[in-house]
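Below, each chain spelled out in residue letters.
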Protein chains: 2
Amino acid sequence: MEHEVKIPKTRNGKATFQLIIDTTIDLFYKKGYFQTKIKDITDEAGIAAGTFYLYFPNKFVLYKYILMEFQHEIRRQISIQVSNVEGRFEKEKVGIKTFIQFALDNPHAYNIIWESLYVDKQLFINYYDGFAKRYEKGLKQSIEDGEMYDVDTELVSYILMGVANFIGLKVLLELGEDKGNVDEVVDQVMNIIQTGIFKKVK
Amino acid sequence: MEHEVKIPKTRNGKATFQLIIDTTIDLFYKKGYFQTKIKDITDEAGIAAGTFYLYFPNKFVLYKYILMEFQHEIRRQISIQVSNVEGRFEKEKVGIKTFIQFALDNPHAYNIIWESLYVDKQLFINYYDGFAKRYEKGLKQSIEDGEMYDVDTELVSYILMGVANFIGLKVLLELGEDKGNVDEVVDQVMNIIQTGIFKKVK
DNA sequence: ACAAAACATGAATGATTATTCAGTTTGTGA
DNA sequence: TCACAAACTGAATAATCATTCATGTTTTGT
């Protein structure tokens, strides 16, 4: 994958490399992958068209590179946060919170990750299936520990991802609004998941 | 919107019109909006390139047309099914079930609807915001009727959409597998939503 | 059967864009 | 300070596509 990416060796080269990436993230977010042209990237970055090809053979390879960076970063953050709390419920809560917080802090990332479904379906599947499997592992542990009912772990992992994603989406689309009340939103979500939404009918 | 679409007047014209739409749905699903070229559509449909322009001025107008068709159809189906049952919980259950069933019966639609986020963000917002508002209306009624806790209806509507979407996604990506057990999946989902996932800790 | 309307064709045009490469500049280590 | 590697340039090339339109065919109403 990244063999196709030519890593720069000097200070200047690294700066240009990173400039291309940052500019591209911005454009992918604003215009989408397919509507972003190489010329758009190099113009916006203030470099020559040919410079792009010093580091990336084409747009797709750059896209994959950016996707991997996001994936590593979000997993790293969740991993860090989750390790700081005890109990499966608390861990799930922190996991979802970190996920939502990431979407808030990096609205670019959120958008770009989802677009993988249309850029290359296999990329998308790898991404989310990997997530689901991680979730499942934790959920199974919870059931063993008696903290959770004996539910279908695969299904629940998708439900949790769905919830986190739609909350992220909601916030993403409401550009400008609230944004600050992540804790409150997460608390409400977790409360709903914990207690259910509907009253028990006898 | 549809003024830009030239509706055919004869039997033959209608057939060609529909052939273009069906072929396009298939290609959008398989290759995505941006990677589908007009020539791909006309070749696949077995018509001349120019014929496309008899009915649609460009690809985007055709995309919007298809999106509207899906929107009408899914809402129609949900409306029909929901009207057949009593009680908010049952209505939600049937609503989610119909939504998932729709995704199963029309994997094309599911994929194409989501792509609107990248084709034209405003289309996406209109689509899902409309859904959320409909959900909210029902939820508020449920709370009034005492069938539901006094939750944040906007948040819950997004949670329900998130769940339904991710279940749809899961099934979509598992091409070939199960597919038959919609009832069972929906029952599990609704059970989880009704009772919560985690055991109450005193 | 005939004129008008509708439908269909596909080669030609022109716009857009990815990618290359010969030449130039910049930085670095000896 | 010299030589070499790394970085950079942007005009030129070539491929891809959307869209048009002059021409031809089919259908329909009368």
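Residues numbered from 1 in each chain as written. Chains lettered and ligands numbered in written order. Predicted model: local features only at pLDDT ≥ 70, side-chain atom pairs only at ≥ 80, totals over all residues. Heavy atoms only, no water.

Draft legend 1. Quick peek at the nonpolar core. Ranked by size, the top nonpolar core spans 140 residues in total, and within it A:Phe56, A:Trp114, A:Ile167, B:Phe56, B:Trp114 and B:Ile167 carry the most contacts. Residues contacting B:Phe56, with those up to four places away along its chain left out, are B:Val5, B:Phe17, B:Ile20, B:Ile21 and B:Leu62. (Core = buried A, V, L, I, M, F, W, Y, C linked by side-chain atoms within 4.5 Å. Buried < 20%, exposed > 50% of the residue type's maximum accessible area, 1.4 Å probe, protein only. Contact = heavy atoms within 4.5 Å.)

Draft legend 2. Structural context of the relation of the copies chain A and chain B. Between chain A and chain B, which share one sequence, the superposing operator has a rotation angle of 180° and an axial displacement of 0.0 Å; the RMSD is 0.0 Å. What the rotation and shift describe, once combined, is the action of a two-fold rotation axis. Same-surface contact between copies: 98% of interface residues of chain A are shared with the interface of chain B. (Least-squares fit on C-alpha atoms with pLDDT ≥ 70 in both.)

Draft legend 3. Region of interest: the domain arrangement of chain A. All names here are of chain A. In terms of domain boundaries, chain A breaks down into domain 1 (2–57) and domain 2 (63–195). Between domain 1 and domain 2, the C-alpha centre-to-centre distance is 29 Å. Together domain 1 and domain 2 conceal approximately 1200 Å² of surface at their shared face, both sides included; 73% is due to carbon and sulfur atoms. In this assembly, domain 1 and domain 2 are joined by 0 salt bridges. Taken together, the links from domain 1 to domain 2 amount to 2 residue pairs in polar contact (both at pLDDT 80 or more). The residue makeup of the side of domain 1 that touches domain 2, split by class, is 8 nonpolar, 2 polar and 3 charged. (Domains from an automatic or database assignment. Buried area = accessible area lost by both parts, 1.4 Å probe. Salt bridge = Lys/Arg side-chain N within 4 Å of Asp/Glu carboxyl O. Polar contact = N/O pair within 3.5 Å; in protein donor to acceptor, adjacent residues only side chain to side chain. Nonpolar A, V, L, I, M, F, W, Y, C, P; charged D, E, K, R; others polar.)

Draft legend 4. Structural view of the protein's contact with DNA strand C. As a structural note, the neighbourhood of DNA strand C is formed by 19 residues, with B:Lys9, B:Thr16, B:Ala48, B:Thr51 and B:Tyr55 the closest of them. Close to the protein, within 4 Å, the atoms of DNA strand C are drawn from sugar and phosphate at a rate of 75%. In this structure, a phosphate oxygen belonging to DNA strand C sits 3.3 Å away from a main-chain N or O atom of A:Ile38. The side chain of A:Tyr53 places a nitrogen or oxygen atom 3.3 Å from a phosphate oxygen of DNA strand C. Within the residue set of the surface near DNA strand C, elements represented by two or more residues are α2 (38–45) of chain A together with α1 (11–31) and α3 (49–55) of chain B. (Near = heavy atom within 4 Å. Helix = DSSP H or I, 4+ residues; strand = E, 2+ residues; numbered from the N terminus.)

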